[in-house]
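Here's the letter readout for the chains.
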Amino acid sequence: MPIEDDLFEKLRVELRRGSLILAVLGALRVERYGYTLRQSLEDAGLPIEESALYPLLRRLEAQGLLTSEWREEAKRNKRFYRLSADGEAILAQLLGEWNAISDSILRLTEGK
Amino acid sequence: MANLQERYLHAVRRALPVAKADDIVAELRDVLATRQEEREDALDRPLTNDETAAMLKDFGHPLVVAAQYRKQQWLIGPDVYPFYWFVMRIVVLVIVGVDIATGIARFLFGNEQPLAILAQTWGSLWMSLLVNVGVLTVIFAVLERTGFPAEHVRKWTPEQLPAVEDKQKSVWESAFEVAANVLAILWWIGLIHLPWTGGNSEFRMEPAPIFAQLYWPILALLAVRLVQNLADWVRPGWRLLRGTLAVATTLVGLGLVAVLYRAGPPWAVVTPLAMPAQQAADLANSVNLGLKIGIVAVGVIWTWQGVQTLWRLVQGKRSAA
């Protein structure tokens with residue numbers, strides 16, 4: 001049983017890895033800083049470790065999908081992230097792909 | 001408490017890329033401060049030192065946190081690993097083959113203690129493995145960074161694969177041949193010394209001048225045979241190259257055998273040091289008789305191997321067609 005749990009956890013992590021990028025891009029259609037982004041993901045049922053979220057934001061920014069700027073809020077400097085124009089285009093493509101995959105999986109698992 | 005957070009951030013900073021360190025640490029400082037405030041609000045009191053430590057531990061080991069910001073997440077990734085493993089197997093098998101063959105040769109023909117040979121072979125084997133595995137890993141880590149094997153994977157075609165009918169040698173047979181060839185080259189160029197070849201305190205044994213005259217042709221033949229063995233092993237689909245090399249090495253090898261046979265005897269010159277002259281002459285006769293038989297045997301074996309290799313290639317080509 002523990003082996004099965006372990007296996008399920010590994011597969012779950014693999015499954016979530018790609019979808020988290022989609023979730024982050026989707027959530028950043030509205031400008032957010034790390035903490036509020038994480039909160040919104042958690043509220044939507046997609047919790048993510050901070051140690052994974054911040055490097056992911058950096059990578060997406062380096063790929064030109066996000067823009068960021070430092071601004072003061074609540075008496076502290078915070079880095080705000082937002083989807084770039086390129087990011088919006090990629091997000092639209094990825095959502096199309098996501099929906100196609102979802103439809104395929106549904107057809108494969110529900111059909112007799 | 002603040003001190004603990006600063007120590008943590010300092011540890012993360014040390015492992016970050018220098019150019020981005022300030023920016024990343026500033027963001028992490030804000031993240032940790034927010035997390036701390038969140039917990040303090042929930043508890044309605046400041047965090048204790050232990051609670052701060054637990055919070056930082058929960059955030060992750062500084063090296064792990066910093067590593068996630070690096071472009072390179074692994075030394076050898078899944079794209080390069082199959083090629084790394086393929087080459088590693090060949091290198092390891094050749095090293096094991098060379099070291100074991102050297103050890104066996106020293107045991108059979110030398111006058112050293114078997115335990116000493118075993119200990120030295122064991123030590124030399126591990127040292128060779130460590131050095132070669134290390135060097136190979138560094139090479140493939142560099143290839144990983146330069147984008148290999150994307151180009152190779154893009155260029156390969158199914159036609160390059162060996163035909164199913166190709167009778168490939170086993171990995172051990174191929175490794176043994178390559179190892180024996182490497183060993184022969186190292187011996188020929190004088191990098192390894194076989195103890196029975198120079199004589200002992202009673203006599204000195206030297207090769208006849210014909211061997212010096214044939215030094216470069218024999219070295220070239222050994223080198224080409226090494227290429228042939230490697231091609232047989234890792235590129236069985238390269239029929240034309242393998243066939244050409246098989247014919248070339250067989251013909252050149254037989255030519256050299258013929259030249260050697262005509263030049264002798266003696267192929268080995270025995271000079272007595274503390275041995276009666278008659279005994280030295282008898283020894284020379286025995287050694288040269290052995291060499292005569294050996295030269296004829298090599299000629300026969302090479303002819304047989306050459307015919308066999310060509311037969312295999314021709315047969316494989318017919319089947320593939």
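Up top you'll find the structure we're talking about.
Residues numbered from 1 in each chain as written. Chains lettered and ligands numbered in written order. Predicted model: local features only at pLDDT ≥ 70, side-chain atom pairs only at ≥ 80, totals over all residues.

Q: Before we go on, may I ask you to explain helix α2 (residues 18-43) of chain B in this structure?
A: The α-helix winds at 3.6 residues per turn, so residues separated by three or four positions along the chain end up facing the same way. All names here are of chain B. Relative to the 38 Å expected for 26 residues at 1.5 Å per residue, α2 spans 37 Å between its end C-alpha atoms, a close match to the ideal helical length. For α2, the principal kink sits at I24 and spans about 25°. Among the residues of α2, I24, E27, L28 and V31 are the ones counted as buried. Positioned one or two residues after α2, D44 has a phi angle of 60°, which is positive. (Helix = DSSP H or I, 4+ residues; strand = E, 2+ residues; numbered from the N terminus. Expected span 1.5 Å × (residues − 1). Bend = angle between axes of the 7 residues up to and from the residue. Buried ≥ 20, exposed ≤ 12 C-beta atoms within 10 Å, placed from the backbone.)

Q: For this particular structure, what's the right way to read the environment of B:E112?
A: Residues and elements named next belong to chain B. Looking at the secondary structure, you find E112 in the loop between α5 (81-109) and α6 (114-146). For E112, a count of 11 C-beta atoms within 10 Å gives the class exposed. Beyond its immediate chain neighbours, meaning those up to four positions away, E112 contacts R106 and I117. (Contact = placed C-beta atoms within 7 Å.)

Q: Would you mind showing me how to read the sheet that holds strand β3 (residues 76-83) of chain A here?
A: Pairing between the strands of a sheet comes from backbone hydrogen bonds, and it takes one of two forms, parallel or antiparallel. Residue and element names in this part refer to chain A. Pairing in this open sheet of three strands is antiparallel, and the strands run β1-β3-β2 from one edge to the other. Strands with a single pairing partner mark the edges of an open sheet, and in this sheet they are β1 (32-33) and β2 (66-73). As paired strands, β2 and β3 are joined by eight bridges and run antiparallel to one another. When the sheet's bridge partners are listed, S68 is paired in β3 with Y81. (Pairing = 2+ DSSP bridges.)

Q: Help me understand the packing of helix α10 (residues 215-234) of chain B against helix α11 (residues 239-263) of chain B, please; the structure alone is not making it clear to me.
A: Two packed helices can be described by the angle between their axes and the distance between those axes. Residues and elements named next belong to chain B. Packing of α10 against α11 leaves a shortest axis separation of 10 Å and a crossing angle of 150°. Classified by the angle between their axes, α10 and α11 sit roughly antiparallel to one another. Note on packing geometry: the crossing formed by α10 with α11 is left-handed. Across the interface between the two elements, P217, I218, L221, V224, R225, V227, Q228, A231 and D232 of α10 pack against L241, R242, L245, A246, A248, T249, V252, G253 and L256 of α11. Partitioned by chemical class, the residues of the contact of α10 with α11 number twelve nonpolar, three polar and three charged. (Axes fitted to C-alpha atoms, helices over the stretch in contact; angles between N-to-C directions. Parallel < 35°, antiparallel > 145°, perpendicular 65-115°, else oblique. Left-handed = near helix turned anticlockwise from the far one by under 90°. Nonpolar A, V, L, I, M, F, W, Y, C, P; charged D, E, K, R; others polar.)

Q: Help me understand the interface of chain B and chain A, please; the structure alone is not making it clear to me.
A: Interface size is often expressed as the accessible area that is lost when the parts come together. At the interface, eleven residues of chain B touch twelve residues of chain A. Residues of the side of chain B that touches chain A, tallied by class, amount to six nonpolar, three polar and two charged.

Q: What should I look at first to understand unusual backbone geometry in this one?
A: Residue and element names in this part refer to chain B. Here D44, not a glycine, exhibits a phi torsion of approximately 60°, which is positive. Mapped onto the elements of the fold, D44 is located in the loop between α2 and α3 (49-59). Judged by the 6 C-beta atoms lying within 10 Å of it, D44 is exposed.

Q: For this particular structure, what's the right way to read the nonpolar core?
A: In globular proteins that are soluble, nonpolar side chains generally tend to be buried together. A:L25, A:L28, A:L57, A:L66, A:Y81 and B:V12 are the most contacted members of the largest nonpolar core, which has 25 residues in total. Elements with a contribution of two residues or more to this core: α1 (2-27), α3 (50-62) and β3 of chain A together with α1 (2-14), α2, α3 and α4 (62-67) of chain B. With four residues, the single largest contributor to this core is α3(A). Aside from chain neighbours lying at most four places away, what touches A:L57 is A:G34, A:L66 and A:Y81. In this structure, B:V94, B:I95, B:A175 and B:W233 belong to the second largest nonpolar core, which totals seven residues. (Core = buried A, V, L, I, M, F, W, Y, C linked by C-beta atoms within 7 Å.)

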